[in-house]
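# Examining the three-dimensional arrangement
So you can see what is in the structure, the chains are spelled out below.
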Number of protein chains: 2
Amino acid sequence: MPMQFPTDSVGLVQPQKKSFHEPISLISGRTLPGYELVYETYGELNQARSNAILVCHALSGDHHAAGFYANDKKPGWWDACIGPGKPFDTNRFHVVSVNNIGSCKGSTGPNTINPETGNYYGPDFPIVTVKDWVHTQHTLMQSLGIEKWAAVIGGSLGGMQAMQWSIDYPDKVGHALVIAAASRLSAQNIGFNEVARQAILSDPEFHGGHFYSHNTIPRRGLMLARMLGHITYLSDDAMRAKFGRELREGHLNYDFSVEFQVESYLRYQGSAFVEHFDANTYLLMTKALDYFDPASEYENDLVTALKQATAKFLVVSFTSDWRFAPERSKEIVKTLIEARRQVSYAEVEASGGHDAFLMPITYYMQVLNSYMDKVAEEVGA
Amino acid sequence: MPMQFPTDSVGLVQPQKKSFHEPISLISGRTLPGYELVYETYGELNQARSNAILVCHALSGDHHAAGFYANDKKPGWWDACIGPGKPFDTNRFHVVSVNNIGSCKGSTGPNTINPETGNYYGPDFPIVTVKDWVHTQHTLMQSLGIEKWAAVIGGSLGGMQAMQWSIDYPDKVGHALVIAAASRLSAQNIGFNEVARQAILSDPEFHGGHFYSHNTIPRRGLMLARMLGHITYLSDDAMRAKFGRELREGHLNYDFSVEFQVESYLRYQGSAFVEHFDANTYLLMTKALDYFDPASEYENDLVTALKQATAKFLVVSFTSDWRFAPERSKEIVKTLIEARRQVSYAEVEASGGHDAFLMPITYYMQVLNSYMDKVAEEVGA
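Residues numbered from 1 in each chain as written. Chains lettered and ligands numbered in written order. Predicted model: local features only at pLDDT ≥ 70, side-chain atom pairs only at ≥ 80, totals over all residues. Heavy atoms only, no water.

## What to know about empty space enclosed by the protein
If you walk through the whole model with that rule in mind, you get 4 cavities of 30 Å³ or more. The volume enclosed by the largest cavity comes to roughly 90 Å³. Sorting the residues of the lining of the largest cavity by element identifies α4 (219–233) of chain A together with α4 (219–233) of chain B as the ones contributing at least two each. The residue makeup of the lining of the largest cavity, split by class, is 6 nonpolar, 4 polar and 4 charged. Of the pockets and cavities examined, the second largest cavity occupies roughly 70 Å³. Listing elements by their share of the lining of the second largest cavity, those giving two or more residues are α3 (187–201) and α4 of chain A together with α3 (187–201) and α4 of chain B. Looking at the lining of the second largest cavity residue by residue, the classes come out as 12 nonpolar, no polar and no charged. (1 Å grid on protein atoms, 1.4 Å probe; cavity = no way out; pocket = protein on both sides within 12 Å on 5 of 7 lines; lining within 4 Å. Points joined across faces, edges and corners; volume = space filled by probe spheres on them. Helix = DSSP H or I, 4+ residues; strand = E, 2+ residues; numbered from the N terminus. Nonpolar A, V, L, I, M, F, W, Y, C, P; charged D, E, K, R; others polar.)

## Details of the sheet that holds strand β9 (residues 151–155) of chain A
Sheet strands line up and pair through hydrogen bonds in the backbone, either parallel or antiparallel. Residue and element names in this part refer to chain A. The sheet built from 8 strands is open, its strands ordered β1-β4-β8-β5-β9-β10-β11-β12 with mixed pairing. With partners counted over all chains shown, the strands left at the sheet margins are β1 (16–20) and β12 (343–348), one partner each. For this sheet, the mean angle separating the axes of adjacent strands, direction not counted, is 20 degrees. Here 5 bridges tie β1 to strand β4 (residues 35–42), and the two strands are oriented antiparallel to one another. Bridged to Ser19 within β4 is Glu36. Along the sheet, helix α2 (residues 157–168) contacts β5 (52–56), β9, β10 (175–179) and β11 (312–318); its crossing angle with β9, the most-contacted strand, is approximately 150 degrees. (Pairing = 2+ DSSP bridges. Axes fitted to C-alpha atoms, helices over the stretch in contact; angles between N-to-C directions. Contact = heavy atoms within 4.5 Å.)

## A few points about the interface of chain B and chain A
Contact residues are listed per partner, giving 54 residues for chain B and 54 residues for chain A. Where chain B abuts chain A, roughly 4,600 Å² becomes buried across the two surfaces, and 69% of that area is made up of carbon and sulfur atoms. Looking at the side of chain B facing chain A, the largest losses of area belong to Arg245, Tyr254 and Phe256 of chain B, adding up to 18% of the total buried there. Where chain B touches chain A, the interface holds 10 salt bridges. Note that Arg267 of chain A is salt-bridged to Glu194 of chain B, the shortest N-O span being 2.5 Å. In this assembly, chain B and chain A are joined by 18 residue pairs in polar contact (both at pLDDT 80 or more). Of all the secondary-structure elements, those providing two or more residues to the side of chain B that touches chain A are α3, α4, α5 (236–242), α6 (261–274) and α7 (279–291) of chain B. If one sorts the elements of the side of chain B that touches chain A by residue count, α3 of chain B sits on top with 11 residues. The class makeup of the residues in the side of chain B that touches chain A is 28 nonpolar, 11 polar and 15 charged. (Buried area = accessible area lost by both parts, 1.4 Å probe. Salt bridge = Lys/Arg side-chain N within 4 Å of Asp/Glu carboxyl O. Polar contact = N/O pair within 3.5 Å; in protein donor to acceptor, adjacent residues only side chain to side chain.)

## Looking at the pattern of salt bridges
All names here are of chain A. Under the criterion given, the structure shown has 43 salt bridges over all chains. Here Arg92 ties to Asp373 by a salt bridge, and the two come within 2.6 Å at their closest N and O atoms. Remark: Asp373 occurs in helix α10 (residues 362–379) and Arg92 occurs in the loop between β7 (88–89) and β8 (94–98); sequence separation between them is 281 residues. Residue classification places Arg92 among the partly exposed positions, given a relative accessible area of 26%. Here Arg240 and Asp236 are joined by a salt bridge, their closest N and O atoms 3.4 Å apart. Of this pair, Arg240 and Asp236 both sit in helix α5 (residues 236–243), 4 residues apart, which is roughly one turn of that helix. (Buried < 20%, exposed > 50% of the residue type's maximum accessible area, 1.4 Å probe, protein only.)

## Digging into unusual backbone geometry
The backbone of Asn300 of chain A sits at a positive phi, close to 60 degrees, despite the residue not being glycine. For Arg49 of chain B, which is not glycine, the phi dihedral falls at a positive 55 degrees. Tracing the backbone through its elements, the reader meets Arg49 of chain B in the loop between β4 (35–42) and β5 (52–56).

## Topic: the sheet that holds strand β11 (residues 312–318) of chain B
Residue and element names in this part refer to chain B. Reading across from one edge, β1-β4-β8-β5-β9-β10-β11-β12 is the order of the 8 strands in this open sheet, with mixed pairing throughout. Only two strands of the sheet have a single neighbouring strand rather than two, namely β1 (16–20) and β12 (343–348). The mean inter-strand angle of the sheet, taken between neighbouring strand axes irrespective of direction, is 20 degrees. Judged from the 4 bridges that link them, strand β9 (residues 151–155) and strand β10 (residues 175–179) form a sheet pairing that is parallel. In the strand pairing of β10, Gly155 is matched with Ile179. Taken strand by strand, helix α10 (residues 362–379) contacts β5, β9, β10, β11 and β12, and its axis lies near 170 degrees from that of β10.

## Some words on α10 of chain A
Residue and element names in this part refer to chain A. Taking 1.5 Å as the rise per residue, α10 with 18 residues should run 26 Å; its terminal C-alpha atoms sit 26 Å apart, in good agreement. Within α10, the full set of buried residues consists of Tyr364, Met365, Val367, Leu368, Tyr371, Met372, Val375 and Ala376. The buried residues of α10 occupy an angular sector of 165 degrees when projected down its axis, which confines them to one face. Summarising the geometry of α10, the exposed residues directed more than 90 degrees from the buried face are Thr362, Ser370 and Glu377. The secondary structure elements touched by the buried residues of α10 are β5, β7, β9, β10, β11 and β12. Once α10 ends, the next one or two residues include Gly380, with phi positive near 70 degrees. (Expected span 1.5 Å × (residues − 1). Arc of directions from axis to C-beta.)

## Looking at the packing of helix α1 (residues 130–143) of chain A against α2 of chain A
Residue and element names in this part refer to chain A. At their nearest, the axes of α1 and α2 sit 9 Å apart, and the two run at 70 degrees to each other. With respect to their mutual orientation, α1 and α2 come out roughly perpendicular. Crossing of α1 against α2: the hand is right-handed. Contacts between α1 and α2 involve Val130, Lys131, Trp133, Val134, Gln137, His138 and Met141 from the former and Leu157, Met160, Gln161, Gln164, Trp165 and Asp168 from the latter. When grouped by side-chain class, the residues that make up the contact of α1 with α2 number 7 nonpolar, 4 polar and 2 charged. (Parallel < 35°, antiparallel > 145°, perpendicular 65-115°, else oblique. Left-handed = near helix turned anticlockwise from the far one by under 90°.)

Next comes the structure, spelled out in structure tokens:
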């Protein structure tokens with residue numbers, strides 16, 4: 001029986017892969033001898049090659065942003081926004097979604113083989129930064145024959161990549177959509193990341209990152225990291241609405257078993273995550289978050305940094321997002337105005353916390369639709 | 001050389017201990033054959049025995065609330081508030097500060113000997129609740145010959161005990177001071193506690209709670225729990241002011257060593273805590289927090305619960321406290337008004353987050369001073 005897809009879905013999709021054999025110098029000072037990038041595309045590139053948009057993923061994301069794999073019931077992570085008639089309309093745009101290096105979803109990363117040793121990179125994989133990702137995405141862009149993105153788009157860590165693109169390759173970005181992001185992490189955010197890292201690093205099954213060769217995974221540490229992450233992606237209100245103080249068995253046990261629904265949810269999310277995510281990658285991703293600070297290249301002046309950009313900006317935040325609160329987005333907006341850039345800003349009323357950027361919230365979809373409609377007109381898509 | 005103390009200090013103090021040999025039935029359904037309570041007192045009990053106030057401690061607190069031990073440079077945890085001329089003025093009040101059962105600071109708990117087995121209680125120590133603590137504090141009260149507290153006072157988990165006192169022993173509480181507390185934890189708070197518990201429970205050195213006999217401690221788990229706790233006790237603003245994005249060595253290392261000051265602080269706090277706190281106690285304390293819900297005994301109606309009380313209330317919250325936000329205090333105030341109780345409320349402008357309740361903030365001290373002045377007048381102290 002053939003699979004049936006919703007009419008606004010891009011349907012069955014397949015990842016592609018490109019290999020790059022030129023060594024790349026990373027911000028850390030280290031070099032990768034070469035790398036592979038896995039990516040997906042949705043919608044056709046037009047004759048003028050003017051309708052390409054780049055989607056950048058967040059901490060645990062990947063290249064599978066929309067559509068379905070064969071035998072998969074769940075679509076890609078941003079299927080709410082990508083498809084025919086959706087904000088990133090595949091009838092008009094050629095959407096490129098790329099998995100970043102350091103990830104564990106197919107592009108070169110800790111769980112791939114280091115050609116120089118024949119073993120997994122593991123903990124020897126170098127620390128990568130948002131700027132490195134933008135660099136590799138640019139290389140992919142060139143190999144795809146795309147000269148300018150109509151838009152670079154991302155939420156959370158993905159929004160940081162959109163910002164970095166606008167600064168590093170100003171003439172190659174028409175619009176930057178910076179969603180639920182910040183121009184740099186607060187001490188609190190770094191603190192949460194550090195607890196997650198320590199959970200992984202201190203797990204005896206981590207083996208200094210060489211757990212593959214010990215035929216094990218640092219299950220406990222990665223699970224704790226993910227549980228903590230989940231709490232910070234959700235709002236207090238969303239958790240109250242979702243779980244309240246509901247008891248799983250209707251009564252207290254007076255022991256350390258699962259009692260409240262929220263405990264059950266977190267343990268489930270944590271243990272499911274462990275099965276499909278790499279602990280070394282989790283460490284790398286949190287470092288990329290902590291390090292992101294584009295102002296640091298411009299004498300710690302974000303205005304000067306953003307003056308490099310010629311893109312137009314859409315900045316979006318969500319009222320209940322306390323990990324990257326609206327205040328952080330407003331800082332970006334204020335700085336863009338000071339830098340004399342063109343910026344639109346939408347603060348979306350949402351109870352879903354940081355994760356709201358993944359959800360089909362009506363006002364949010366309207367904002368993206370209107371904005372991308374203008375972008376499409378500009379590029380003749 | 002004799003120790004010199006500030007003139008507003010209670011000076012050198014010594015803990016006392018009382019043993020209770022009657023078995024106590026706990027809310028969990030289990031029984032303790034007897035127990036010991038360690039406590040301190042500051043200031044004299046007056047002839048009328050009307051000037052006693054009870055101070056209740058929070059998660060990691062103990063009976064040492066004020067003054068100094070010999071050779072100790074740091075005073076008790078609430079020294080800002082307790083002493084001659086301070087809000088809980090030891091020239092007027094007889095302050096009693098008791099260590100709760102289940103703690104690891106001298107009262108009967110997991111790190112004391114179970115008389116029935118001759119071994120440490122360890123994980124066999126029963127789960128205790130706020131109501132159980134109030135019960136044992138009441139037993140101590142009787143043995144001290146005190147018939148009514150002029151006030152029962154506490155911050156955070158201590159504020160929950162003050163609320164419970166007002167409900168369970170209405171005629172024995174003149175005033176309840178409920179500071180930086182909530183009538184029950186939110187799902188988010190339970191979530192954070194659950195991550196802390198899982199960190200401890202999943203540490204291989206935990207040995208199901210029998211780590212004493214393995215001559216080890218679950219250092220990693222307890223450290224993670226404390227690091228996470230610290231982030232939630234501080235506000236985002238306080239962390240920004242304290243650490244910003246300062247680098248410990250002035251430059252990035254591109255590895256997983258300590259880089260940002262906030263990482264250094266959290267690791268230090270975590271590893272220092274491990275040396276003087278018991279992991280089984282940490283588990284018990286977080287459960288007492290999660291379980292606290294006085295409305296549950298009154299058909300989930302907090303108004304009915306608080307109608308039991310005859311005490312007058314002072315409720316205090318701190319603007320930057322997101323663990324027990326002002327909204328949670330206002331819920332208590334609203335409910336007290338609905339229950340036709342007398343309540344005063346102060347929201348203190350403070351950047352210090354949840355920990356602000358321990359700090360000598362001017363307006364906070366003024367509020368406590370004025371309130372306790374009235375209490376002193378009422379009881380002729």
